[in-house]
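Understanding the architecture of this molecule
Single-letter residue listing:
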Amino acid sequence: MEDQLIDAVLELNEDLAIDIVSQRMREGVNPVSIISLVQEGVNRVGIYYNQGRYFIADLIMSGLIFKEVIKLIQFPPEDSALPQPVKAIFATVERDIHDIGKNIAVTYFNSKGIHPVDLGVNVPPAVILEHITKDEPVVLFLSGLITSSYYSMKKTIHLLKEKNLRGNVIVVICGLVDEEVKNYVEADYFVKDIVESYELYVKLSADYKRISANPELLLSSQKLHSRPQSSIHQEVREDA
Ligand code: B12
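So, here's what we can say about the structure. (Residues numbered from 1 in each chain as written. Predicted model: local features only at pLDDT ≥ 70, side-chain atom pairs only at ≥ 80, totals over all residues.)

Focus: the packing of helix H3 (residues 31-50) against helix H4 (residues 56-70)
Interaxial distance between H3 and H4 falls to 9 Å at its minimum, and their mutual angle equals 175°. With respect to H4, the element H3 is oriented roughly antiparallel. Touching Val-38, Val-42, Val-45 and Tyr-49 of H3 are Asp-58, Leu-59, Ser-62, Phe-66 and Val-69, all from H4. (Axes fitted to C-alpha atoms, helices over the stretch in contact; angles between N-to-C directions. Helix = DSSP H or I, 4+ residues; strand = E, 2+ residues; numbered from the N terminus. Parallel < 35°, antiparallel > 145°, perpendicular 65-115°, else oblique. Contact = placed C-beta atoms within 7 Å.)

Put into structure tokens, the structure is as follows:
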């Protein structure tokens, strides 16, 4: 993928990146595709950093550029908010301070009429658990971009189990994650971008709504599982 915007970010040319993004927004280019190009630019900065061609100051600069250009991005607002959205919690896990992707996700969800509880960065498992109760289903988005964040995700999920809350929470991991990380931390899903995150969230909310409107679905599915689980968790896993 080659593009002027990717190059501007890779060259850490903030003014040029801002000009290109402003121009494309004026032209009505899809904001998600603009974000993908900026993201590709910072990914390449990360690669240069790994190769020793760029230093930590350059990583910082790429993060700042991202933050500036994101201010120019507006997602078209949508009226079709979900009739019964399930509570969504976003957190960058303990040890990790990367929050650009998470913040974009907040903006994107807001534009769709969904307002997640955003717990910020470097969030310890115990703090996340303070926002979860037995009575309310939750879709918990845990974000992490560094390797040591995987252990924090695992710890968070372990604590959910220990406090007997795991059945009521769908855990979705985001950031630099894949199937292997998902299995290691014992999450339910992993996602790689905001649109995918939102679509998954909509599906989970719809599944929950379907079950709460028709509790027999839960009764019939409980017969199929030896391990008792909550409605939202169980139904989604059956669909997956
Ligand atoms: C910018 C940046 C920084 C900035 C972060 C600024 C900030 N406020 O976030 C600064 C300079 C602070 C930084 C610090 C460090 N960084 Co850094 N950083 C990056 C860089 C270049 C870009 C990350 C980024 O913002 N991408 C753009 C966003 C939009 O993409 P994204 O996060 O993937 O988000 C998308 C999806 O994943 C998803 N998503 C992400 N989060 C969420 C959350 C929710 C709720 C949802 C729904 C969706 C979602 O939606 C987004 C849009 O599609 C990456 C390189 C890379 N390849 O990612 C390295 C990178 C992540 N950093 C790295 C490292 C090593 C570090 C440091 C340890 C460096 C150091 N020696 O100090 C520290 C760690 C600090 C810490 N404890 O966390 C490594 C991690 C390697 C590893 N496997 O562990 C990387 C991969 C660079 C590299 N190639 O080596 N970093």
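After that view, the rundown keeps rolling.
A word on the site of the ligand
Residues in close proximity to the ligand total 38 residues, the closest being Gly-46, Gly-63, Ile-100, Gly-101 and Ser-197. Secondary-structure elements contributing two or more residues to the shell around the ligand are H3, H4, helix H5 (100-111), strand S3 (138-144), strand S4 (169-175) and helix H9 (194-213). The element contributing the most residues to the shell around the ligand is H3, with nine residues. Residue composition of the shell around the ligand, grouped by class: 20 nonpolar, twelve polar and six charged. Shared between two domains, the shell around the ligand takes at least three residues from each, and those domains are domain 1 (4-70) and domain 2 (87-202). (Near = placed C-beta within 6 Å. Nonpolar A, V, L, I, M, F, W, Y, C, P; charged D, E, K, R; others polar. Domains from an automatic or database assignment.)

Focus: the sheet that holds strand S1 (residues 87-92)
Strand pairing within a sheet occurs via backbone hydrogen bonds; the two strands may be parallel or antiparallel. Taken in spatial order, the five strands of this open sheet run S2-S1-S3-S4-S5, and their pairing is parallel. With one partner strand each, in any of the chains shown, strand S2 (117-118) and strand S5 (189-191) form the two edges of the open sheet. In the sheet, S3 pairs with S4 via seven bridges, with the strands oriented parallel. In the sheet register, Leu-140 faces S4, and the bridge partner there is Val-171. Of the strands in this sheet, S1, S2, S3 and S4 touch H5, which is tilted by about 160° from S1. Relative to the sheet, helix H7 (residues 148-162) contacts S3 and S4, its axis offset from that of S3 by approximately 155°. (Pairing = 2+ DSSP bridges.)

Here we look at the environment of Ser-36
Tracing the chain through its elements places Ser-36 in helix H3. Considering only alpha carbons, one finds Ser-36 and Ile-6, 30 residues apart in sequence, at a separation of 9.2 Å.

Some words on the nonpolar core
Considering soluble globular proteins, one finds that nonpolar side chains tend to be buried as a cluster. Of all hydrophobic cores here, the largest spans 54 residues; its most connected members are Val-139, Val-172 and Ile-173. Split by domain, this core shows at least three residues from each of two domains, domain 1 (4-70) and domain 2 (87-202). Those residues in contact with Ile-173, other than ones at most four positions away along the chain, are Leu-142, Met-153, Val-181, Lys-182, Val-185, Ala-187 and Phe-190. (Core = buried A, V, L, I, M, F, W, Y, C linked by C-beta atoms within 7 Å. Buried ≥ 20, exposed ≤ 12 C-beta atoms within 10 Å, placed from the backbone.)

What to know about the packing of helix H2 (residues 14-26) against H4
Two elements in contact, H2 and H4, have axes separated by 10 Å at closest approach and are oriented at 30°. Judged by the angle between their axes, H2 and H4 are roughly parallel. The two elements H2 and H4 cross, and the hand of that crossing is right-handed. When H2 is examined against H4, the residues Glu-14, Ala-17, Ile-18 and Val-21 are found in contact with a partner set consisting of Ile-65, Glu-68 and Val-69. Partitioned by chemical class, the residues of the contact of H2 with H4 number five nonpolar, no polar and two charged. (Left-handed = near helix turned anticlockwise from the far one by under 90°.)

So, the pairing of S4
Counting buried residues along S4, seven of its seven residues qualify, which places the element largely inside the surrounding structure. Going residue by residue along S4, you find Val-169, Val-171, Ile-173 and Gly-175 tucked away on one face and Ile-170, Val-172 and Cys-174 tucked away on the opposite face as well. Taken together, S3, H7 and S4 constitute a β-α-β crossover, and its handedness is right-handed. Pairing of S4 with S5, which is carried by three bridges, proceeds in the parallel orientation. Its bridge partner lying in S5, Ile-173 is registered against Phe-190. With helix H8 (residues 179-185) bridging S4 and the parallel S5, this β-α-β connection has right-handed handedness. (Right-handed = clockwise from strand over helix to strand, strands pointing away.)

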